[in-house]
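Each chain, letter by letter, is given below.
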Amino acid sequence: QAAPDFVAPRVNFAHFLRENSQYRQALDQTMIAIDYAPEDPDVWLTASLIHQQMGNINNAIESLHTALECDETNFYAYRNLSLCYLDSRDWRRAIGFAMQGIEALKMNPLDPEDEGDAYKILAIAYMNLPDYRNAMKAINRGLEIYPNDPQLLQMRRDIQNRSGLY
């Protein structure tokens, strides 16, 4: 097992490389970190981000599932899975993982904005089904966290215009 002082710099360097579009090198650094700390969900989250930016959605999803095997309460793995499924237009899976992320936050509270992000994802997925009633519930919950969020406010207006119900 590697000391955190070895793994963390590798992951940080991988993020730096990823942010500079050096995806192959970033993935190489992440794989070294994974070799030393395969039970660390953060290395798998990093791998998933790199895979996603490389267009390898299946590898990104696999890495996120591995992160959840390491820590089943990892909100970021659930959130990123829901984002992957939004990108794939798999609305029901996006909803399922966003809801699991919200449940994970109850066990492992983080920044309240994280919960707001999960409700945004829910709203987007529900709007695309379309399930305006549940989309509006998610929007309203998101607005409790982000009262002036322009995206949530626009989604609410869109539902009002489409459905005439609200």
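Criteria and cut-off values
- Residues numbered from 1 in each chain as written.
- Predicted model: local features only at pLDDT ≥ 70, side-chain atom pairs only at ≥ 80, totals over all residues.
- Heavy atoms only, no water.
- Axes fitted to C-alpha atoms, helices over the stretch in contact; angles between N-to-C directions.
- Helix = DSSP H or I, 4+ residues; strand = E, 2+ residues; numbered from the N terminus.
- Parallel < 35°, antiparallel > 145°, perpendicular 65-115°, else oblique.
- Left-handed = near helix turned anticlockwise from the far one by under 90°.
- Contact = heavy atoms within 4.5 Å.
- Salt bridge = Lys/Arg side-chain N within 4 Å of Asp/Glu carboxyl O.
- Buried < 20%, exposed > 50% of the residue type's maximum accessible area, 1.4 Å probe, protein only.
- Nonpolar A, V, L, I, M, F, W, Y, C, P; charged D, E, K, R; others polar.

Turning to the packing of helix α7 (residues 112–128) against helix α9 (residues 150–163), a few remarks are in order. For the pair α7 and α9, the least separation of the axes is 11 Å and the interaxial angle reads 25°. Our classification of the angle between α7 and α9 gives roughly parallel. Note that α7 runs across α9; the crossing there is left-handed. Contacts between α7 and α9 involve K120, A123, I124 and M127 from the first element and Q151, L152, M155, D158, I159 and R162 from the second.

Our focus in this paragraph is the pattern of salt bridges. Applying the stated criterion across every chain yields a total of 7 salt bridges. The shortest N-O distance in the salt bridge between D149 and K120 comes to 2.9 Å. Remark: K120 occurs in helix α7 and D149 occurs in the loop between α8 (132–145) and α9; sequence separation between them is 29 residues. Owing to a relative accessible area of 10%, D149 belongs among the buried residues under this scheme. Here K120 falls in the buried class, since its relative accessible area comes to 15%. Each of the salt bridges in this network shares a partner with another, and the network as a whole consists of E115, R141 and E144.

This brings us to the environment of R92. Tracing the backbone shows R92 in helix α6 (residues 91–107). It is 9.3 Å that separates the C-alpha atoms of R92 and S82, two residues lying 10 residues apart in sequence.

Two elements in contact, helix α5 (residues 75–87) and α6, have axes separated by 8 Å at closest approach and are oriented at 165°. One way to sum up the angle between α5 and α6 is to call them roughly antiparallel. In terms of crossing hand, the pair formed by α5 and α6 is left-handed. In this structure, α5 contributes F75, Y78, L81, S82, Y85 and L86 to the contact, and α6 contributes W91, R93, A94, F97, A98, Q100, G101, A104 and L105. Here the contact of α5 with α6 is built from residues that sort into 11 nonpolar, 3 polar and 1 charged.

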